[in-house]
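Breakdown of the fold
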Amino acid sequence: MIGILCAMREELEPILEEVEVKEVVEYGKNKFYLAKFDNKDLVLAYSKIGKVNSATTATIMIEKFKAKKILFSGVAGAIDEDLKIGDLIIATKTCQHDIDLTVFGYPYGYIPESEVYFECDKSLNSIAKSVAKKLNLKLKEGIIASGDQFIHSKEKKEWIKKTFNASAIEMEGGAVGCVCFTLNIPFFMLRAISDSAEEGAGIDFDEFLEESSKVSAKFLIEMLKEI
Ligand SMILES: CCCCCCN(CO)Cc1c[nH]c2c(N)ncnc12
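The present account deals with the structure reproduced in this document. (Residues numbered from 1 in each chain as written. Predicted model: local features only at pLDDT ≥ 70, side-chain atom pairs only at ≥ 80, totals over all residues. Heavy atoms only, no water.)

Observations concerning the overall build of the chain
Where we set the bar: For helices the rule is a DSSP run of H or I covering at least 4 residues; for strands it is a run of E covering at least 2, with both sets numbered from the N terminus onward. Note on method: radius of gyration uses C-alpha positions; expected globular size equals 2.2 Å times residues raised to 0.38. Three exposure classes are used, based on accessible area relative to the maximum for each residue type with a 1.4 Å probe and protein chains only: buried under 20%, partly exposed in between, and exposed over 50%. The contact criterion used is simple: two residues touch if any of their non-hydrogen atoms lie within 4.5 Å. Here the open area of atoms and residues is found with the Shrake-Rupley method and a 1.4 Å probe, where only the protein chains shown may cover a residue. Residues scored as charged are limited to Lys and Arg (positive) and Asp and Glu (negative), so that His and the chain ends carry no count. Charge positions come from single atoms, namely NZ of Lys, CZ of Arg, CG of Asp or CD of Glu.
For the chain, the count of helices and strands is 6 helices and 10 strands. Radius of gyration (C-alpha) of the chain: 16 Å, near the 17 Å computed for a compact globule of 227 residues. Overall, the C-alpha framework of the chain stretches about 50 × 40 × 30 Å when taken along its three principal axes. Split into buried and exposed, the 227 residues of the chain put 53% on the buried side. For the chain, restricting intrachain contacts to residue pairs at least 6 apart in sequence, the fraction spanning at least 24 positions comes to 76%. Of the roughly 10,500 Å² that the chain leaves accessible, carbon and sulfur atoms contribute 52%. One finds the centroid of the 29 positive side-chain charges in the chain at a distance of 5 Å from the centroid of its 37 negative side-chain charges.

Overview of the pattern of salt bridges
Side-chain pairing between opposite charges can occur once the charged atoms of the two side chains come close. Selection criterion: Any Lys or Arg side-chain nitrogen located within 4 Å of an Asp or Glu carboxyl oxygen qualifies as a salt bridge.
Applying the stated criterion across every chain, the model contains 21 salt bridges. The partner of Lys122 in a salt bridge is Glu119, and the shortest N-O contact between them spans 3.6 Å. Among the ionic pairs, Glu158 bridges to Lys154, the shortest N-O distance being 3.3 Å. Linking Glu158 with Lys154, this pair stays in helix 4 (residues 154-164), spanning 4 residues, or about one helical turn. Accessibility expressed as a relative area gives 29% for Glu158, which makes it partly exposed. A network of salt bridges, in which partner residues are shared, links Glu81, Lys154, Lys157, Glu158 and Glu198.

Concerning the site of the ligand
The test is simple: Here a residue is considered near a molecule or strand provided that any single heavy atom belonging to it is located within 4 Å of it. Here a polar contact is recorded for every N or O atom pair within 3.5 Å, except that within protein the pair must consist of a potential hydrogen donor and a potential acceptor, and residues adjacent in sequence are included only if both atoms are side-chain atoms.
The full set close to the ligand counts 16 residues, and Val75, Ile151, Met171, Glu172 and Asp195 are the nearest of them. Between the ligand and the protein, one listed contact pairs a nitrogen atom with a backbone N or O atom of Ile151 at 2.9 Å. The side chain of Arg191 places a nitrogen or oxygen atom 3.4 Å from an oxygen atom of the ligand. Its free accessible area being 490 Å², the ligand has 84% of it covered by the protein chains. Listing elements by their share of the shell around the ligand, those giving two or more residues are strand 5 (69-78), strand 9 (166-170) and strand 10 (187-195).

In structure tokens, the structure reads:
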């Protein structure tokens, strides 16, 4: 079973349109779509925005629906200057920029007995790169930082870049990475850029959410043919 996870309805819908939904299971105030694609069993859901919601849904996919890998598809804000709206990026690892226990001498993003960074699955990432090559699509890779805030200021964006060496910003990947690390499940995250995470990002996000969600969804479908 492969888990396909998104944060928002707009990110999931273009994927659902391409798969054969067999059953919809209502659980944990959410809907889980059991589907087939290319003879593979999928469980798909959108978690709602944020680290708690995405951690909850990832855990349910793994524990209740027996997902053996989690693939995330969605949109993100750009931190790298060379990432433009519509560009694709996969996470090499994820982190949580809004964790701050520095008063106790710990680094930003660190919780005692846990990790700052959660590694994404290298074999899924190499499949993504070969798909990008085959389709002649640009695909970046880098650290993607998460926090329960929509980032729309150059100052905050630059702080996250400096502190975590992050290339993109969103609100779920660090939490899903932690869940997959905890349960020893391979994690892959693909994001298409929807905004610059600077002043005015909210306007861009509204304008490009649907289009960038489709860019990510289209690529994810191509990935599913190869895994
Ligand atoms: C009601 C609207 C909710 C926006 C949710 C944004 N998602 C969260 O995963 C991705 C994202 C795109 N751009 C972002 C940004 N600049 N900061 C944080 N997250 C993001």
